[in-house]
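Chain and residue survey
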Amino acid sequence: MTSTHVLPATEPLSRGTQAWENAQSQLTDAAQSLGYDDGLHQLLARPRREMTVSVPLRRDNGDVEVLTGYRVQHNFSRGPAKGGLRFSPDVSLDEVRALSMWMTWKCALLDVPYGGAKGGVTIDPRCYSTRELERVTRRYTSEILPIIGPERDIPAPDIGTDERTMAWMMDTYSVNVGYTVPSVVTGKPVSIGGSLGRSSATSKGVAHISLAGLEHLGLQPGKCSAAVQGFGKVGAGTAAYLADAGVRVQAVSDQYGAIYAEDGIDVPALTEHVAHTGTVNGFPDGDPLDPSALLELDVDALVPAAVEGVLTEDNAPRVRAKLIVEGANGPTTAAADQILNDLGVLVVPDILANAGGVIVSYFEWVQGNQAYWWTAAEVDERLKQRMLAAWESLVASSQETGLSLRRTATITAVKRVADAHLIRGMYP
Ligand code: GLU
């Protein structure tokens, strides 16, 4: 499917539109490999539902501002739609569409019984007070209320949102339906039905896959170096777990800057520094680094754990890492993916690498539905087991097909979704 946006050739595509085109081209490749006809391809290419809502906000000073929010449900052939809610100034309908499609493939690849969805509000949360963010969350939730629910679509945190956001969503939904419905969201605080181990799940999963990837390349973690782009929910935890495993985490960046330490960054000390200052900048035990240079460092493993479209045809030829583990969703453009593949870089795609979050979201939903809680050790063990089983099976299929991990993963996931659709049949 071509983009719905016709832009002059000179105008650069927005991050969201580029992500949506990237997602579409991955699907087109998979649909062609699977020999699907145009009808089936279109059915998988187009989101089942898209909702755009106005979110009026009364600012603390009394002014009214009207924000825009989205919820896109890409597919529910295998179960309820599932996916995060992003608060970011760059959120657009195309970005949410791309992220919702990737959620569908992620859930199918990990065999989590969900379809894919994503939500977003175009807002820079750093510029609003906590009370304002609560009002935005509650109004957005009530606007999308008709299409969410524990059996319909289950939001979770993503960039710019957290467990407090999920508590407000759960409360707003519950007040509106008249009873408490913990399973309408995942990534909630543990005190209201969140799962132990959910907040660290994505980064733990990225670390499990990074270590498995290094081992697959014949490298020992204790002799390896890594660079992590992003020091948020995913990047900070990944850096910490990799350092715990003996990997020298030489560089870390955030949206304000980057730091470098040849012998490895003291990640707990950096975490403390960021907790006090809000940025990695100014960390005394590291040297400042140009954030764009981080992606081109001579390290064994590179973990892009920030946003989409950071590895492009411009910088991909200069990447020196042997292994890239996509902590973010969609960090590699289609053109960069081809270049990295030609260079022999092993790229572990997002739909596997960062699936730890939705796996433990699934555990949270299961626990909530049964009102029976697992221990942190049980959650961690089941997470690790699922991530590594999916990794091993993906590596084996990719060796069989001779295709990259991403192409093999997308083909596997698309086939699972298409098979579910075909066996159910089309209504009417
Ligand atoms: N936002 C996360 C992701 O992109 C988690 C989604 C979820 O847990 O539903 O995978």
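The coordinates are above.
The text that follows walks through the structure, step by step, so that each part is easy to find. (Residues numbered from 1 in each chain as written. Predicted model: local features only at pLDDT ≥ 70, side-chain atom pairs only at ≥ 80, totals over all residues. Heavy atoms only, no water.)

1. Some points on the pairing of strand 3 (residues 81-88)
Most of strand 3 is tucked away: 8 of the 8 residues are buried. Relative to strand 5 (residues 153-157), strand 3 runs parallel, the two sharing 5 bridges. Looking at the pairing, Lys82 lines up with Ile154 of strand 5. Handedness of the strand 3-helix 3 (residues 93-109)-strand 4 (residues 116-122) crossover: right-handed. (Buried < 20%, exposed > 50% of the residue type's maximum accessible area, 1.4 Å probe, protein only. Helix = DSSP H or I, 4+ residues; strand = E, 2+ residues; numbered from the N terminus. Pairing = 2+ DSSP bridges. Right-handed = clockwise from strand over helix to strand, strands pointing away.)

2. Looking at the pattern of salt bridges
Within the structure shown, the criterion is met by 28 salt bridges. The salt bridge partner of Asp29 is Arg407, with a shortest N-O separation of 2.9 Å. Here Arg407 lies in helix 14 (residues 405-424) and Asp29 lies in helix 1 (residues 15-33), a separation of 378 residues in the sequence. Take Arg407: its relative accessible area is 34%, and that puts it in the partly exposed class. (Salt bridge = Lys/Arg side-chain N within 4 Å of Asp/Glu carboxyl O.)

3. Let's talk about the packing of helix 6 (residues 201-216) against helix 13 (residues 376-401)
It is at 10 Å that the axes of helix 6 and helix 13 come closest, and there the two elements cross at 40°. Accordingly, the angle class assigned to the pair helix 6 and helix 13 is oblique. Helix 13 is crossed by helix 6, and the crossing has right-handed handedness. Here Ala201, Lys204, Gly205, His208, Ile209, Ala212, Gly213 and His216 of helix 6 lie close against helix 13, whose contacting residues are Asp380, Leu383, Lys384, Met387, Leu388, Trp391, Val395 and Gln399. (Axes fitted to C-alpha atoms, helices over the stretch in contact; angles between N-to-C directions. Parallel < 35°, antiparallel > 145°, perpendicular 65-115°, else oblique. Left-handed = near helix turned anticlockwise from the far one by under 90°. Contact = heavy atoms within 4.5 Å.)

4. Description of the layout of surface pockets
Its volume calculated, the second largest pocket comes out at about 430 Å³. Of all the secondary structure elements, the ones that give two or more residues to the lining of the second largest pocket are helix 1, helix 10 (334-343), strand 12 (346-348), helix 13 and helix 14. Of the residues assigned to the lining of the second largest pocket, the class counts are 7 nonpolar, 11 polar and 4 charged. (1 Å grid on protein atoms, 1.4 Å probe; cavity = no way out; pocket = protein on both sides within 12 Å on 5 of 7 lines; lining within 4 Å. Points joined across faces, edges and corners; volume = space filled by probe spheres on them. Nonpolar A, V, L, I, M, F, W, Y, C, P; charged D, E, K, R; others polar.)

5. Examining the sheet that holds strand 12
Sheet architecture is open: 7 strands sit in the order 9-8-7-6-10-11-12, paired in mixed fashion. Since the sheet does not close on itself, it has two edges, and those belong to strand 9 (287-289) and strand 12, each with one partner. Strand-to-strand twist in this sheet, taken as the mean axis angle between neighbours without regard to direction, amounts to 25°. When strand 6 (residues 225-229) meets strand 10 (residues 301-304), the two strands line up parallel, connected through 4 bridges. Across the sheet, the residue bridging to Gln229 is Pro304, located in strand 10.

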